[in-house]
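Fold and contact review
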Amino acid sequence: MTLAIVPAACFENDASGLVDRLRRQDRLALGEAYDAHQAAARRLARRLVGEDAAAEDLVQEAFVLLPRAVHNFDGNAALRTFILAIVVNCARHHVRGAARRRRLAERYGGEPRALALDGDAEAGRRDLARLLTRALDELTLEQRTAFVLMELEEHTSIDAGALAGAPEATMRTRLFHAKRNLRERLEAWGAR
Amino acid sequence: MTDDDLLARATRALKERDATPSPAPTMATRLAILDASDRERRQGRRNRLLIMPIAATLVLIATWAAASGTLARVFASDGPAESAQAPAKAAATSVAPAASTEPSAAATAAPLTVAEPPAPAATATTAPRTFAAPPASVAEAGRVDALYADAHRLHFDARDHEGALRAWDAYLQAAPAGRLAPEARYNRGLCLLHLGRVAEARTALAPIAGGAKGSYRQDEAARLLRALDDAAP
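Please read these numbers as outputs of a predicted model, since none were measured by experiment. (Residues numbered from 1 in each chain as written. Chains lettered and ligands numbered in written order. Predicted model: local features only at pLDDT ≥ 70, side-chain atom pairs only at ≥ 80, totals over all residues. Heavy atoms only, no water.)

1. Brief notes about the packing of helix 10 (residues 181-194) of chain B against helix 11 (residues 198-209) of chain B
All names here are of chain B. Between helix 10 and helix 11, the least distance of the axes is 8 Å, while the angle of their chain directions is 155 degrees. Judged by the angle between their axes, helix 10 and helix 11 are roughly antiparallel. For the element pair helix 10 and helix 11, the recorded crossing hand is left-handed. The residues of helix 11 that touch helix 10, namely those facing R185, Y186, R188, G189, L192 and L193, are E200, A201, A204, L205 and I208. Counted by class, the contact of helix 10 with helix 11 contains 7 nonpolar, 1 polar and 3 charged residues. (Axes fitted to C-alpha atoms, helices over the stretch in contact; angles between N-to-C directions. Helix = DSSP H or I, 4+ residues; strand = E, 2+ residues; numbered from the N terminus. Parallel < 35°, antiparallel > 145°, perpendicular 65-115°, else oblique. Left-handed = near helix turned anticlockwise from the far one by under 90°. Contact = heavy atoms within 4.5 Å. Nonpolar A, V, L, I, M, F, W, Y, C, P; charged D, E, K, R; others polar.)

2. So, the interface of chain B and chain A
At the interface, 28 residues of chain B touch 39 residues of chain A. Around 3,000 Å² of area is buried between chain B and chain A when both sides are counted, 61% of it from carbon and sulfur atoms. Considering only the side of chain B, the residues that lose the most area to chain A are B:L7, B:K15 and B:I33, jointly responsible for 19% of the buried surface there. In this structure, the connection of chain B to chain A is made through 4 salt bridges. Residue B:E16 is joined to A:R125 by a salt bridge in which the shortest nitrogen-to-oxygen separation is 3.6 Å. One can count 6 residue pairs in polar contact (both at pLDDT 80 or more) joining chain B with chain A. Of all the elements in the fold, those that place two or more residues in the side of chain B that touches chain A are helix 1 (3-19) and helix 2 (26-68) of chain B. The element contributing the most residues to the side of chain B that touches chain A is helix 1 of chain B, with 13 residues. (Buried area = accessible area lost by both parts, 1.4 Å probe. Salt bridge = Lys/Arg side-chain N within 4 Å of Asp/Glu carboxyl O. Polar contact = N/O pair within 3.5 Å; in protein donor to acceptor, adjacent residues only side chain to side chain.)

3. What about the environment of B:A181?
Residue and element names in this part refer to chain B. Summarising the element assignment, A181 is placed in helix 10. Since its relative accessible area comes to 0%, A181 is described here as buried. For the pair A181 and Y171, spaced 10 residues apart in sequence, the C-alpha separation works out to 7.9 Å. With residues near it in sequence (within four places) discarded, A181 still touches Y171, L172, A175 and P176. (Buried < 20%, exposed > 50% of the residue type's maximum accessible area, 1.4 Å probe, protein only.)

4. As for the packing of helix 10 of chain B against helix 12 (residues 218-231) of chain B
Residue and element names in this part refer to chain B. Where helix 10 meets helix 12, the closest approach of the two axes is 11 Å, and the angle between their N-to-C directions is 20 degrees. Taken together, the axes of helix 10 and helix 12 are roughly parallel relative to one another. Relative to helix 12, the crossing made by helix 10 is left-handed. Counting all contacts with helix 10, which are made through Y186, L190 and L193, the residues of helix 12 involved are E220, A221, L224 and L228. Class assignment of the residues belonging to the contact of helix 10 with helix 12 gives a composition of 6 nonpolar, no polar and 1 charged.

These results come straight from atomic positions and should not be treated as a statement about function.
What follows is the structure, encoded as C-alpha cells:
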C-alpha cells in the first residue's frame, strides 16, 4: 500500500504544507515548526554545546534562520533533519563560548576531579557525565559533532553525514578519533 | 574494567543526564523567535522600500541616458580610436596615394592643388575629446557615420569636390559637434580650395587656424592660410 512505500518525511512535509508556508514567511508556520521540532533541536543543541543557556541561544538562532534557510530545502529529507542540520551549522561559536565558560569555571574551581565511583553510584554517574562533557570540550568541533550525532543521538553515519554535511566515511573516521581522544582524556583525569 | 567500558559508561551517564528534561523556557524562546522573525520581515520590507526607489531612479537614468545618447557617448569615449576609425573603414581601403603628403608643403607650392590630408582613420585618433558629442541614438550614430563615410568617399576616392562639399555640409549639419566634425570642417575648407572658392575657404579655415575649434588641424589650417597669403597677387 501507499503507506508502506512513502517515507514518513513526505507526509510530514506535505500534509501541513508547512514548508511552503515557511517559504512564504508565514508567521504561524514558524510557530508550528517550532512546536513540532523544538524538543529534538533543543536536545541536540544541549548535547552539542553542553549547557542549557547556550543551547537555548542555539535553538533560537536556528529557528530564526529557518524561514530564510528553508528556501534551500529540497524536500529530500524530513524537515526535522533540515532543522537539526541548521542547529549543527550554527553550533560552532556557541560550542566555543560554552567550552570557554566551562574552562574558566574550572580554573576558578580547580582541575577536573578524579572520580570515586565506589561510593555513591548516582554521584559517580553525574561526575562521569560531567567529565565526559569536559573531555568533549577538548575535541575539535568536527570530532565532537560526530560523537554527539552518532554516539549520543544514535544517528547512523549516513544520517550524521547528512546533518554535518560530510561524507559518511569521514564521519566514521571522526568518530574513531573522537573516541580515542575521549578515552585518553578520561584516563588522564583518573576516571574509572 | 576496559577503557571501552569506561567510555561507554560515561556516554550512558551523559545520555541519562540529558534525558532528564531541564525546565526549558520553551514559550519564552518561541516568542523571542517569532519576534526576531517579525523584526527581520519588517527590516526586509524597509530595505525594499529604500531599494525600490533607488533602483527605479537608476532605471530611469539609464533609460534617459540611452535615449539621449549619453550612454553612447560614454561607451564611445572608452574607445575613441576604434570608433573614430569605424566610419572611415569603407573609404580607408582606397585612400588616395597623396593622402600621406603634408598639406603645407603642397599648399606652399600651389595653393589650389592642395594635397589631401591623411585619411581620418589615421588622424581621428588624435581628435580632442572635447569635440565628442555623439548623436541621439545608436541608429542615429550609424546614419551620421554613413554621412561621413559618403563625404570621405566623394572627396578622396571620387575626387568629386563639389559633391564632397555638399556631403561635408550634410554631415556637419547632422553632427555639428560630432567627434569627426573638426576633420569634416577642415576637409570642407580643402574642398572649397579645390573649387577655387578661396574667400570661402579662408572663412572656413580661419576659425580652425585660430584655434576656435580646438588645436586639431590648427597648424595645417594656419599653414594653408599662410600659403594662400603668399600666393596671393
